[in-house]
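# Structural characterization, general
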Amino acid sequence: MAKKEEAPNMVERFAEFKDLKNIDKTTMISVLEESFRNVLAKMFGTDENLDVIMNPDKGDVQIFQNLEVVPDGEVTDPNLQISLSDARADQDPDAEIGDEHTREIIFADFGRRAILNLRQTLQSKILDLQKEAIYAKFSELQGEIVTGEVYQTWSRETLLLDDDKIELLLPKSESIPGDYFRKGETVRAVVENVTNKNNNPKITVSRTSENFLRRLFELEVPEIHDGLINIRAVARIPGERAKIAVESYDDRIDPVGACVGVKGSRIHGIVRELRNENIDVINYTSNPGLFIQRALSPAKISSIRVDEEEKKAEVFLRPEEVSLAIGKGGLNIKLASMLTGYVIDVYRDNEQEFEEDIYLDEFKDEIDAWIIDALKNIGLVTAKAVLNASRDMIIEKADLEDSTVDNVIAVLKAEFDDEPEAAEPATDADEAAGEEAAQE
């Protein structure tokens, strides 16, 4: 009776394995067969003459043993041989010496110990498979957003469980300042790192990563998800402020407007997710001077000198604009530098110089508008900014003819009697003033 009770239990066990997630059917069949062969090899000394046929849909297995027929009394290894009389008695009346006799083995007949051994072997292999599947799955998800439920919070990290009860670790260093999680709360983060030391997968997620901000915009802005708008650069100081540069592949789409949404409808959800992190969205340009100008928003710069080889830029501003450029705690200039990849030095020109300076737009009666736009695109927005710049640099960067540049310089020089005074570098006092400056 005991043997008959074991067989149904084994079938139920197969049914459990059949429904495992993250393991495909082919792999499951292979693991089941391998487990049977391991147990059978220990019982019979070898599995070379055994055929194991898996039927996972029904939850059963058939095992056949192939034995060589030898004369009666000459059986030396019952696991490999069978006597002629035994073969003929075992449903093979036509058996002859030298034939191969096949008989079915009922695994449940070997008793409880054999079945327990099989279950332990299966459990071990299935566990290894599950770990490999988890590692493979999250390796592919690296850099993507995942959602988890807060299971437990410690001083240095928070444990999240995804829908499949897979553990995700959110370290304190990867949490946004101000993050406070309650048990059972749903949290979004990006997969930052996946390791598999000793076949023990460890998934680390982050809410401070630049990729987290990128993916949130992809979720909130359909044009980014569809590839019509591209995120070219991201800079973040988590929980404080971020800058993101975007460009559109369709001239009909305003990339900044699409990202912000009507009355900020799209960006507000991202700001809330990031604990009210202030986000500046700017238009990307391949022109480094103009890109730096935009990155320093809301400050309006007067002129800029860019060294592309050294990745440095000197920015000149009206005194009242310096604090805006530097920003509260120096955040604005730091983020602008991170976004553009340039070391940015801010200089304050004196009041007298700006009183005497003139914006290029005032010369539209004497200089063509397209020429003024070309000069503004390389960071020269005032008359003295052009006069202080190198003639060769203007020709090269603005892509203007020598005669055109000479004519522009002549027109601008005619407006001034005195040389411009030297610029003064920004001081620590300007950064302190930035603490009080209004930010966008």
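What this report covers is the structure whose coordinates are included nearby. (Residues numbered from 1 in each chain as written. Predicted model: local features only at pLDDT ≥ 70, side-chain atom pairs only at ≥ 80, totals over all residues. Heavy atoms only, no water.)

## Some details on the overall build of the protein chain
Per the secondary structure count, the protein chain includes 17 helices and 16 strands. Long-range contacts, defined as pairs at least 24 residues apart, comprise 62% of the intrachain contacts of the protein chain with a sequence gap of at least 6. In the form shown here, the protein chain has an accessible surface area of approximately 23900 Å², with 44% of it arising from carbon and sulfur atoms. (Helix = DSSP H or I, 4+ residues; strand = E, 2+ residues; numbered from the N terminus. Contact = heavy atoms within 4.5 Å. Areas by Shrake-Rupley, 256 points an atom, 1.4 Å probe, with all protein chains shown as cover.)

## Side note on the side chain of Asn49
In this structure, Asn49 sits in the loop between helix 2 (25-44) and strand 1 (50-55). Among the polar contacts made by the side chain of Asn49, one reaches the main-chain carbonyl oxygen of Asn79 at a distance of 2.9 Å. Once you skip the residues sitting within four places of it in the chain, Asn49 turns out to touch Phe64, Gln65, Asn66, Leu67, Asn79 and Leu80. (Polar contact = N/O pair within 3.5 Å; in protein donor to acceptor, adjacent residues only side chain to side chain.)

## Regarding the packing of aromatic side chains
This structure, assessed with the given rule, holds five aromatic pairs. Their ring planes at 80° and their centres at 5.2 Å tell us that Phe36 and Phe107 sit as a pair that is edge-to-face. One end of the pair, Phe36, is in helix 2; the other, Phe107, is in the loop between strand 4 (100-105) and helix 4 (112-140), with 71 residues separating them in the sequence. Each member of the pair, Phe36 as well as Phe107, is classed as buried. Here Phe107 and Phe110 contribute two aromatic rings whose centre-to-centre distance is 6.1 Å and whose plane-to-plane angle is 65°, an arrangement assigned as edge-to-face. Given the relative accessible area of 33%, Phe110 is considered partly exposed. Put simply, the rings of Phe36, Phe44, Phe107 and Phe110 pair up and form one aromatic cluster. For the cation-ring pair, Lys183 lies above Tyr151, with the distance from its terminal atom to the ring centre recorded as 4.2 Å. (Phe/Tyr/Trp six-rings, centres within 6.5 Å; stacked < 30°, edge-to-face > 60°. Buried < 20%, exposed > 50% of the residue type's maximum accessible area, 1.4 Å probe, protein only. Lys NZ or Arg CZ within 6 Å of the ring centre and 35° of its normal.)

## A word on helix 16 (residues 402-413)
Given a rise of 1.5 Å per residue, 12 residues ought to cover 16 Å, and the 16 Å separating the end C-alpha atoms of helix 16 matches this to within 8%. Structurally, helix 16 contributes buried residues whose contacts are with helix 13 (369-377), helix 14 (383-388) and helix 15 (391-398). (Expected span 1.5 Å × (residues − 1).)

## Describing the pattern of salt bridges
Per the counting criterion, the structure on display carries 23 salt bridges. For the salt bridge of Asp361 with Lys376, the shortest nitrogen-to-oxygen distance reads 3.4 Å. With Asp361 in the loop between helix 12 (351-356) and helix 13 and Lys376 in helix 13, this pair connects stretches of sequence that are 15 residues apart. Relative accessible area serves as the criterion here: at 26%, Lys376 is assigned to the partly exposed category. Each of the salt bridges in this network shares a partner with another, and the network as a whole consists of Asp179, Arg188, Arg207, Glu273 and Arg275. (Salt bridge = Lys/Arg side-chain N within 4 Å of Asp/Glu carboxyl O.)

## Considerations on unusual backbone geometry
In this chain, Ser297 is followed by Pro298 through a cis amide linkage whose omega measures 15°. Phi at Lys165 is positive, roughly 65°, even though this residue is not glycine. Phi at Asn198 takes a positive value of approximately 55°, unusual for a residue other than glycine. With respect to the element layout, Asn198 can be found in the loop between strand 8 (186-197) and strand 9 (200-206).

## A short note on the sheet that holds strand 12 (residues 278-283)
Strand order across the open sheet formed by three strands is 10-11-12, with mixed pairing between neighbours. Two strands in the sheet have a free side with no partner beyond their single neighbour: strand 10 (229-237) and strand 12. Put simply, the sheet's adjacent strands are angled 20° from each other on average, direction ignored. As defined by bridge partners, strand 11 (residues 241-248) adjoins strand 12 across six bridges and the pair is classed as parallel. Each bridged residue has a counterpart across the sheet, and for Ala242 the counterpart in strand 12 is Ile279. (Pairing = 2+ DSSP bridges. Axes fitted to C-alpha atoms, helices over the stretch in contact; angles between N-to-C directions.)

## Regarding helix 8 (residues 265-273)
Among all positions of helix 8, only Ile267, Gly269, Ile270, Val271 and Glu273 are buried. Those residues of helix 8 that are buried lie in contact with strand 8, helix 5 (210-220), helix 7 (255-260) and strand 12. Looking one or two residues beyond helix 8, the residue adopting positive phi is Arg275, at roughly 60°.

## Quick notes on the packing of helix 9 (residues 288-295) against helix 11 (residues 331-340)
The interhelical angle for the contact between helix 9 and helix 11, taken along N-to-C directions, is 145°, at an axis separation of 9 Å. Remark: the crossing between helix 9 and helix 11 carries right-handed chirality. Facing helix 9, whose interface residues are Phe291, Ile292 and Ala295, helix 11 presents Asn332, Ala336, Leu339 and Thr340. Of the residues contributing to the contact of helix 9 with helix 11, the split by class is five nonpolar, two polar and no charged. (Left-handed = near helix turned anticlockwise from the far one by under 90°. Nonpolar A, V, L, I, M, F, W, Y, C, P; charged D, E, K, R; others polar.)

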